[in-house]
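The residues making up each chain are set out below.
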Number of protein chains: 2
Amino acid sequence: MGKNKGTRGERELFHMFWGAGFAAVRLPGSGLSKYPNPDLVVGNKQKKYAIECKCTGDSKEYISKEGIIQLLTFSELFGADPFLAVRFDNHGWFFFHPNELERSKNGNYNISLEDAQKRGRKFDDLKV
Amino acid sequence: MGKNKGTRGERELFHMFWGAGFAAVRLPGSGLSKYPNPDLVVGNKQKKYAIECKCTGDSKEYISKEGIIQLLTFSELFGADPFLAVRFDNHGWFFFHPNELERSKNGNYNISLEDAQKRGRKFDDLKV
């Protein structure tokens, strides 16, 4: 995944959340900070989400264990629900709790388009 | 107040909150976005704060009504308590809800060092 593609995806979700009545914050420095950093922090009166965004043109997306650990650490401290958001080209966004992802032998995480379509949350499921 | 001074203040508070067990997010693009934007968003399991930061070497600090409206709008949508954080040189940080500030005839807000020392919250008061 190119960096620009990730940034575009992040921006798309950011606008989608504002459009749905949430307030959203982008963390463009994600990965550069000494503190754990998701891509987006989103909230309304009822819910707070910390979100790591991925975009792919393939039928499977891989996520490093370090990225997931950062997401979980931030979410635990901040008091937010952690979500991985994956956009499969032409299929839109799917949302997963880290513990719903498949893990490979090396400890990294992955999600296939097939699995996403079977059991991923859609954007509307996050509107509460 | 110079922009650099504001940015340094923002960064200082950011580290203070992480040091106190919160997760904190800086929004360096504050003022550039089409959405309302505080300087910091901070949370732990119990509390969420949206914070606008000001630093001054004077004995009085002025805050535009637009800045306060942005802070209130973001906080209402996100579900956070809004705070103005003012650092008076050599006196440290003081925290105010917008409705605790003085207003001038033109609708802008201000806070004096004397008032801050009398009735401002200190950083430790925000740790819950």
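How each quantity is defined
Residues numbered from 1 in each chain as written. Chains lettered and ligands numbered in written order. Predicted model: local features only at pLDDT ≥ 70, side-chain atom pairs only at ≥ 80, totals over all residues. Heavy atoms only, no water. Core = buried A, V, L, I, M, F, W, Y, C linked by side-chain atoms within 4.5 Å. Buried < 20%, exposed > 50% of the residue type's maximum accessible area, 1.4 Å probe, protein only. Contact = heavy atoms within 4.5 Å. Buried area = accessible area lost by both parts, 1.4 Å probe. Salt bridge = Lys/Arg side-chain N within 4 Å of Asp/Glu carboxyl O. Polar contact = N/O pair within 3.5 Å; in protein donor to acceptor, adjacent residues only side chain to side chain. Helix = DSSP H or I, 4+ residues; strand = E, 2+ residues; numbered from the N terminus. Nonpolar A, V, L, I, M, F, W, Y, C, P; charged D, E, K, R; others polar.

Now for the nonpolar core. Grouped together as the largest cluster of nonpolar side chains are 56 residues, with contacts concentrated most on L13, F17 and I51 of chain A together with L13, F17 and I51 of chain B. Sequence-distant contacts of F17 of chain A, defined by excluding residues within four places in its chain, comprise F22, A24, V42, Y49, I51, F95, F123 and L126 of chain A.

Looking now at the interface of chain B and chain A. The interface is formed by 22 residues belonging to chain B together with 22 residues belonging to chain A. Summed over both partners, the interface of chain B with chain A comes to about 1900 Å²; 72% of that surface belongs to carbon and sulfur atoms. Per-residue buried area on chain B facing chain A is highest for W18, Y35 and F78 of chain B; these three make up 32% of the total on that side. For the pair chain B and chain A, the number of links is 2 salt bridges. Residue K45 of chain B is joined to E76 of chain A by a salt bridge in which the shortest nitrogen-to-oxygen separation is 2.9 Å. At the boundary of chain B and chain A, one finds 10 residue pairs in polar contact (both at pLDDT 80 or more). Counting only elements with at least two residues in the side of chain B that touches chain A, the list comes to helix 1 (3-19), strand 1 (23-26), strand 2 (40-43) and helix 2 (65-78) of chain B. Among the elements that take part in the side of chain B that touches chain A, helix 2 of chain B stands out by supplying 4 residues, more than any other. Counted by class, the side of chain B that touches chain A contains 13 nonpolar, 5 polar and 4 charged residues.

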